[in-house]
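# Examining the three-dimensional arrangement
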Amino acid sequence: MPYYRSVGEIPAKRHVQFRQPDGSLYAEELMGEEGFSFDSALLYHKHIPTGLRAIEAVEAEDQGTTPNHPLTPRHFKSHQLKAGGDVVRARALLMTNEDCAISYFVGSDDSELYKNATGDEMVFIEQGTGTLETVFGAISFEPGDYLVIPASVIHRYVLDDSSEKVRALVLETRGHIGPPKRYLSRNGQLLEHAPYCERDLHGPAAPLNREGSNVEVLVKHKGGMTRFIYEHHPFDVVGWDGCLYPYKFSIHDFEPITGRIHQPPPVHQTFEAPGVVVCSFVPRLFDYHPEAIPAPYNHANVDSDEVLFYVEGNFMSRKGSGIERGSLSLHPAGHTHGPQPGSVEASIGKERTEELAVMIDTFKPLDLGPGARDCEDDGYAWTWLEGR
Ligand SMILES: [Fe+2]
């Protein structure tokens, strides 16, 4: 999506001779979306990026999913999930539908080289620090960062030695993730009313220019997982340019939009993808009408399943619900939800909130994965009862 960047060495014109110091040609690769009709980048490799020495099928664990039946609002405590492994192989599937998969990861291993050929990935870092190494270059990450990795970008996670375990919420989409279209000009610039701008998006600053042979890359695709063994290291890029590349955006750079009375969730929207929206709830002033009610109203959002990931803060509207740091609530279509009893009155007069949360709304119902079943708090559905 984002905007044009040029990194490292590239020739003055595309598709012309560009030679290495030894006189041989660099290998040009066009990486583009939607069949040459959407964002793309041109990368220049020292070696051809297509040489495969071997192809291996990789056994993947069965991710048996079940419908949310009987229809139930649910609460998952991600901090109860077992730690271990790396963010690519050990993410626990929580919820999924035809458009996306939502997983949670806690662990401390570096990952192998990987690309997701089924769609984009957005990884929200709840805890831990490290570097996302990609064919475009490296991006450091810390808590609060959204890492957006376009489909088929080869990458790996390298954690800092000093880092605590990394905790991350992972969203895989079948389409491409970008800013909400209403915040973009006809030419794709972020408009003045957007809650962030290009300066807040950080792509790789330099190519990795790495050498190597017989390099393994794990590929997620419709049929499962495959391992490609490439003749040359895919990170042998000396330069690239274009509008398609991985980037990070910190939730702490999201500028909240506030009002005299309660603002609807779309003001928190940060990204969109086909069938999915992502919103950021950040520390902000509450509504300032003299009779404002800061707590949200009850709402029947009839076309969405709503997943809220609680990162930090006291989650004012969820008093008595058992929600804590790392909790995820699922409020499915067909269930009217809102603040827990007493929260509305208690919110009156409050001037600000320090909450930090990420919301993922899907337009198709979500099924439950094994990760969700492993950390569900069964009593959540009854927490709106006034007579509890
Ligand atoms: Fe809601």
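As a reminder, the structure under discussion sits directly above these lines.
Here we summarise the structure given alongside this text. Keep in mind that what you see is a predicted model, and the values were worked out from it rather than measured.

Time to look at the coordination of the iron ion. Reference values for coordination geometry: four tetrahedral donors around a metal ideally subtend 109.5 degrees, six octahedral donors ideally subtend 90 or 180 degrees. Binding of the iron ion to the protein goes through His299 (NE2), Glu306 (OE), Glu306 (OE) and His337 (NE2), at separations of 2.0 to 2.4 Å. Relative to the metal, the four donor atoms surrounding the iron ion lie at angles of 57 to 173°, and the coordination shape comes out irregular.

All right, on to unusual backbone geometry then. Along the chain, His69 connects to Pro70 via a cis peptide bond; the corresponding omega equals -5°. Positive phi is not limited to glycine here, since Glu34 has a value of about 55°. Following the sequence through the fold, Glu34 ends up in the loop between β2 (27–32) and β3 (40–45). Overall, the relative accessible area of 52% leaves Glu34 in the exposed class. At Asn209, a position not held by glycine, the phi torsion is positive, near 50°. Considering the arrangement of structural elements, one finds Asn209 in the loop between β15 (201–202) and β16 (213–221). When its relative accessible area of 38% is taken as the criterion, Asn209 is described as partly exposed.

Per the stated rule, a full pass over the model turns up one cavity of 30 Å³ or more. Roughly 30 Å³ of volume is contained in the largest cavity. Residues of the lining of the largest cavity, tallied by class, amount to six nonpolar, no polar and one charged.

If you walk through the whole model with that rule in mind, you get zero disulfides. Of the cysteine sulfurs around Cys100, a residue in no disulfide, the closest is that of Cys279, at 13 Å. With relative accessibility at 0%, the residue Cys100 sits in the buried group. No disulfide involves Cys243; its sulfur sits 16 Å from that of Cys197, the nearest cysteine. Overall, Cys243 belongs to the partly exposed group, its relative accessible area being 24%.

To summarise the sheet geometry, strands pair through backbone hydrogen bonds and adopt either a parallel or an antiparallel arrangement. The antiparallel open sheet is built from four strands, whose spatial order is β1-β18-β3-β2. Since the sheet does not close on itself, it has two edges, and those belong to β1 (5–8) and β2, each with one partner. Here the average twist between neighbouring strands, direction ignored, is 15°. With six bridges connecting them, β2 and β3 associate as antiparallel partners. Looking across to β3, one finds that Glu29 is bridged to Leu43.

Right, let's get into the packing of aromatic side chains. All chains considered together, the criterion is met by 16 aromatic pairs. Judged by centre distance (5.3 Å) and plane angle (90°), the rings of Phe18 and Tyr44 are edge-to-face. With Phe18 in the loop between β1 and β2 and Tyr44 in strand β3, this residue pair connects regions lying 26 residues apart in the sequence. Judged by relative accessible area, Tyr44 falls into the buried class, the value being 3%. Their ring planes at 85° and their centres at 4.9 Å tell us that Phe136 and Trp240 sit as a pair that is edge-to-face. Residue Phe136 is located in the loop between β10 (130–134) and β11 (137–141), and its partner Trp240 is located in strand β18 (residues 237–242); the two are separated by 104 residues in the primary sequence. Trp240 matches Phe136 in its accessibility class, with the two residues each being buried.

Judged by pairing direction, the sheet is antiparallel, and its six strands sit side by side in the order β5-β24-β23-β26-β21-β20 without closing on themselves. The sheet is open, and its two edges are formed by β5 (74–77) and β20 (269–273), each paired on a single side. Within this sheet the neighbouring strands show an average axis-to-axis angle of 15°, counted without direction.

Before going further, it helps to spend a moment on the layout of surface pockets. What the largest pocket holds in volume is close to 1,000 Å³. For the second largest pocket, the calculated volume is near 680 Å³. Lining of the second largest pocket is provided by 39 residues; of these, His262, Pro265, His268, Phe281 and Pro296 occupy positions nearest its centre. Only β21 (276–281), β22 (284–285), β23 (305–312) and β26 (356–362) provide two or more residues apiece to the lining of the second largest pocket. Partitioning the lining of the second largest pocket into residue classes produces 20 nonpolar, 13 polar and six charged.

What follows concerns the pairing of β18. Most of β18 sits inside the fold, with six of its six residues counted as buried. Note: β1 against β18, four bridges, orientation antiparallel. Each residue of the ladder has a partner; that of Arg5, found in β18, is Gly242. Where β3 meets β18, five bridges bridge the pair, whose relative direction is antiparallel. From the neighbouring strand, Leu43 faces β18, where its bridge partner is Trp240.

The rules behind these values
In this convention, every chain numbers its residues from 1, walking through the sequence in written order. Given that the model is predicted, a residue must reach a pLDDT of at least 70 before its local features are reported, and side-chain atom pairs must reach 80 or more before they are shown or counted; all residues, however, enter totals for whole chains, interfaces and linings. Each side-chain value is worked out from all heavy atoms of the structure, with water and hydrogens disregarded. Coordinating donors are taken to be N, O and S atoms lying within 2.8 Å of the metal, or within 3.2 Å when the metal is Na, K or Ca; because water is excluded from the atom set, some sites may appear incomplete. Donor angles set the geometry label: tetrahedral for four donors if every angle is between 85 and 135 degrees, square planar for four and octahedral for six if opposite donors exceed 155 degrees and the others are between 65 and 115, irregular for anything else. A run of H or I in DSSP becomes a helix once it reaches four residues, and a run of E becomes a strand once it reaches two; helices and strands are each numbered from the N terminus. The rule is simple: take the accessible area with a 1.4 Å probe, protein chains only, and divide by the maximum for that residue type; under 20% is buried, over 50% is exposed, in between is partly exposed. In the cavity and pocket records, a cavity denotes points on a 1 Å grid over the protein atoms alone where a 1.4 Å probe fits but cannot get out, a pocket denotes an open set with protein on both sides within 12 Å along at least 5 of 7 lines, and lining residues are residues with an atom within 4 Å of a point. Grid points are joined across faces, edges and corners, and a volume is the space filled by probe spheres set on the points. Classification used: nonpolar for Ala, Val, Leu, Ile, Met, Phe, Trp, Tyr, Cys and Pro, charged for Asp, Glu, Lys and Arg, polar for all others including Gly. Whenever a pair of cysteine sulfur atoms sits within 2.5 Å, that pair is classed as a disulfide. For two strands to be treated as a pair, DSSP must find no fewer than two bridges joining them. Geometry is summarised by axes, namely lines fitted to C-alpha atoms with helices restricted to the contacting stretch, and by angles between N-to-C directions that run from 0 to 180 degrees. Two aromatic rings, drawn from Phe, Tyr or Trp (for Trp, its six-membered ring), form a pair once their centres lie within 6.5 Å of each other, and the interplanar angle then sorts them: stacked below 30 degrees, edge-to-face above 60, tilted otherwise.

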